[in-house]
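Architecture and fold: a report
Given next are the chains, with one letter for each unit.
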Amino acid sequence: MTDTAQLNSTDQVIDELRDWLSSNWDPDLTVAEWWERLGLAGWSAPTLPTNAYGRGLSRNDGVRVAQEIERFGALGAPAGLGLLLAAPTIATHGTQEQVDTYVRDIVIGQKSWCQLFSEPAAGSDLAGLQTRAVRDGDEWIVNGQKVWTSGGQHSNLGMLLARTNPEVPKHQGITYFALEMIQPGVEIRPLREMTGRALFNEVFMTDARVANDALIGGENNGWAVANTTLANERAGLGSGGGSGAGGSVLPGTVGGGLDRRAGDYGSGARPNASDGKSKSGSKRKEDGGEDGAMVRALSGGPKLLVELAKSNGSVTDPNVRQGIAQLYTWGELGRFNGLRLKAVKSGGGDIPGMPNISKLSMSHIMRLTRDLGLQISGAAGMLHGYNQKDRSALESATGNTLVGFVTEMALFAQAPSIYGGTDQVQRNIIGERVLGLPKEPNNDRTTPFSELAKNV
Ligand SMILES: Cc1cc2nc3c(=O)[nH]c(=O)nc-3n(C[C@H](O)[C@H](O)[C@H](O)COP(=O)(O)OP(=O)(O)OC[C@H]3O[C@@H](n4cnc5c(N)ncnc54)[C@H](O)[C@@H]3O)c2cc1C
């Protein structure tokens, strides 16, 4: 396809979406009713294939669709790890029955998901995980502990990696399940971070049960399935797609947002900075804050920092100007890389390592935004509001609504270089799989897991 043909097809998609939104968006629908319309029309997850409630669009076009829904003022797709990770993984490895069970509920926002991968002794070395699943008739019994489980406290289901055969090398004995989070064998304990929020949790599984029908992609084939999840995580986070326009209301039946009025959450209902109320007068939930900070930093960081620098006069400082230009340049490089990847993919090719490079760029942009934001904020950047009341007090003390955004983002800026695989791990992958450098010598591809030395 030529560049012009691609642009035309993107424009056609956006025209079709605008027509669809004009006839379908109704702010008086409940969130659940609106998400059902959006999802079943293929606009919640347009990058999924058509048999999985999508439209087979490229990632860039998917981002354009989300932006257009937001620009229109409608509530965006049910954001979260279901849409970002579980749906594309199940669309790739699941049966059509599993697609119709799980992916449908994700795109219409009925079920929310978390990612039960990391364990206390298995993060970077994910394949060393020790949670066990043992077959019991039509079910599996699960025992073990996960940690850093983002959104676990709001989730209906978890993407669970468990060891199903310890007598083979570690990558070969793992299975991927869709675990029901609300059951007696699952205990979820939130962990509070230095941001003041509790984004993630410890999850303890004690004789938890999962049906054999909920096994995704074949017994002991979980490593391949997990890699699809991880590739989507790196690419999605790298493009800032971790949240989506619907980030202000949680999907799923645990979050309690489904019965609310959709129009109170669309981008046409922006909260007033001083009181946290939307234009329509309803109080918005304060969830998804960190992810929101990340997306704002990635998409609107330079603009926000220019506003902040103008407000306190530091915009004339050559160092600040240089930092803003640097940040803008990194954003543009990411955009060009996205376009380059799209062009190569439309010709049937690929650029190896691009998800890893996107993830590394995202971490770098977050750090640049943090450093520059704190530099511009000066002494005010040492203060942080941990709740809405403190934030309002800070705003009136500093006379600036943007400083709170900077400190929130600065406290969270450490996280992107860790989650979804640390920066060091991304570099290892690029070195080994893209540049062909030799792997670190070890015996874990040949020795049964049960005979390997364990971290704990
Ligand atoms: C905000 C946040 C949200 C998260 N959400 C989730 C979630 O929802 N679900 C989930 O399953 N997990 C989640 N995680 C966990 C995340 O995936 C892990 O923290 C990450 O994989 C690193 O693992 P670890 O913390 O065990 O660190 P370790 O693996 O112990 O690493 C410690 C340090 O050693 C370095 N290191 C380790 N191995 C190597 C190597 N081979 N070469 C070079 N350096 C190395 C690392 O880069 C790091 O600096 C989240 C983490 C964060 C911070």
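Residues numbered from 1 in each chain as written. Predicted model: local features only at pLDDT ≥ 70, side-chain atom pairs only at ≥ 80, totals over all residues. Heavy atoms only, no water.

Quick look at the overall build of the chain now. For the chain, the helix and strand inventory stands at 12 helices and eight strands. The buried share among the 456 residues of the chain stands at 50%. Partitioning the contacts of the chain with sequence separation of at least 6, the portion at a separation of at least 24 is 73%. (Helix = DSSP H or I, 4+ residues; strand = E, 2+ residues; numbered from the N terminus. Buried < 20%, exposed > 50% of the residue type's maximum accessible area, 1.4 Å probe, protein only. Contact = heavy atoms within 4.5 Å.)

Right, let's get into a nonpolar patch on the surface. Among the surface-exposed residues, L333, F336 and L339 lie close enough to one another that they form a single nonpolar patch of about 280 Å² accessible area. In this fold, F336 is placed in helix α8 (residues 318-346). (Patch = residues over 30% accessible without salt bridge, like charges linked within 9 Å, V, L, I, M, F, W, Y side chains within 5 Å. Areas by Shrake-Rupley, 256 points an atom, 1.4 Å probe, with all protein chains shown as cover. Salt bridge = Lys/Arg side-chain N within 4 Å of Asp/Glu carboxyl O.)

This brings us to the confidence of the model for the chain. In this model, the chain carries an average pLDDT of 88, and 88% of its residues clear a pLDDT of 70 or more. This stretch, residues 1-5, has a pLDDT under 50; its non-local contacts, to residues over four places away or in other chains, come to two contacts. Overall, residues 270-291 carries pLDDT values under 50, and its contacts beyond four positions in sequence, including any with other chains, amount to 51 contacts. (pLDDT = per-residue confidence, 0-100.)

Here we come to a negative patch on the surface. Together, E97, D100, D138 and D213 make up a negatively charged patch on the protein surface. By secondary structure assignment, the location of D100 is in helix α5 (residues 96-107). (Lys, Arg positive; Asp, Glu negative; His and termini not counted. Charge placed at Lys NZ, Arg CZ, Asp CG, Glu CD.)

Moving on, we get to empty space enclosed by the protein. Picture a little ball the size of a water molecule; that probe, rolled over the atoms, points out where space is still empty. Per the counting criterion, the structure on display carries one cavity of 30 Å³ or more. What lines the largest cavity is T195, R197, H384, G385, Y386, R391 and E408. Residues belonging to the lining of the largest cavity are distributed by class as follows: one nonpolar, three polar and three charged. (1 Å grid on protein atoms, 1.4 Å probe; cavity = no way out; pocket = protein on both sides within 12 Å on 5 of 7 lines; lining within 4 Å. Points joined across faces, edges and corners; volume = space filled by probe spheres on them. Nonpolar A, V, L, I, M, F, W, Y, C, P; charged D, E, K, R; others polar.)

For A79, the position within the fold is in the loop between α3 (59-72) and α4 (81-93). Counting along the chain gives 172 residues from A79 to P251, while the straight-line C-alpha distance between them is 6.9 Å.

Moving on, we come to the pairing of strand β7 (residues 200-211). Consecutive side chains of a regular strand alternate in pointing toward one face of the sheet and then the other. One ladder, built from eight bridges, connects strand β3 (residues 139-147) with β7; its direction is antiparallel. Along β7, the bridge assignment pairs E139 with A211. Pairing geometry for strand β6 (residues 186-191) and β7, over six bridges, is antiparallel. The residue of β7 that forms the bridge with L191 is F200. (Pairing = 2+ DSSP bridges.)

The immediate surroundings of the ligand are formed by 18 residues, with S118, S124, W148, T422 and Q424 found nearest. One nitrogen or oxygen atom from the side chain of T422 is found 2.7 Å from an oxygen atom belonging to the ligand. Q424 is positioned with one of its side-chain polar atoms (N or O) 2.7 Å from an oxygen atom of the ligand. About the coverage of the ligand: the protein hides 68% of its 980 Å² of free accessible area. Each residue belonging to the shell around the ligand can be placed in one class, and the counts come to seven nonpolar, 10 polar and one charged. (Near = heavy atom within 4 Å. Polar contact = N/O pair within 3.5 Å; in protein donor to acceptor, adjacent residues only side chain to side chain.)

In this model, Y53 sits at a positive phi of 65 degrees, which is unusual for a non-glycine residue. Backbone geometry places W148, a non-glycine residue, at a positive phi of 65 degrees. Along the polypeptide, W148 turns up in the loop between β3 and β4 (157-163).

Scanning the entire structure with this criterion turns up seven aromatic pairs. Both rings, one in F117 and one in Y176, keep their centres 6.0 Å apart while their planes meet at 85 degrees; by these two values the pair is edge-to-face. Of the two residues, F117 sits in the loop between β1 (113-116) and β2 (132-136) while Y176 sits in strand β5 (residues 174-180), which places them 59 residues apart along the sequence. On the basis of relative accessible area, F117 is assigned to the buried category, the value being 3%. (Phe/Tyr/Trp six-rings, centres within 6.5 Å; stacked < 30°, edge-to-face > 60°.)

Right, let's talk about α8 for a bit. With 29 residues, α8 extends 42 Å from end C-alpha to end C-alpha; this agrees with the ideal 42 Å at 1.5 Å per step. All of the buried residues in α8 are V320, G323, I324, L327, E332, L341 and K342. The backbone nitrogen of N319 lies 2.8 Å from a side-chain oxygen of the residue at the head of α8, namely D317. In the stretch just after α8, G348 is the one whose phi turns positive, near 85 degrees. (Expected span 1.5 Å × (residues − 1).)

Another point: the nonpolar core. W34, L75, V103 and W113 are the most contacted members of the largest nonpolar core, which totals 73 residues. In this structure, L327, L368, A413 and A415 belong to the second largest nonpolar core, which totals 20 residues. (Core = buried A, V, L, I, M, F, W, Y, C linked by side-chain atoms within 4.5 Å.)

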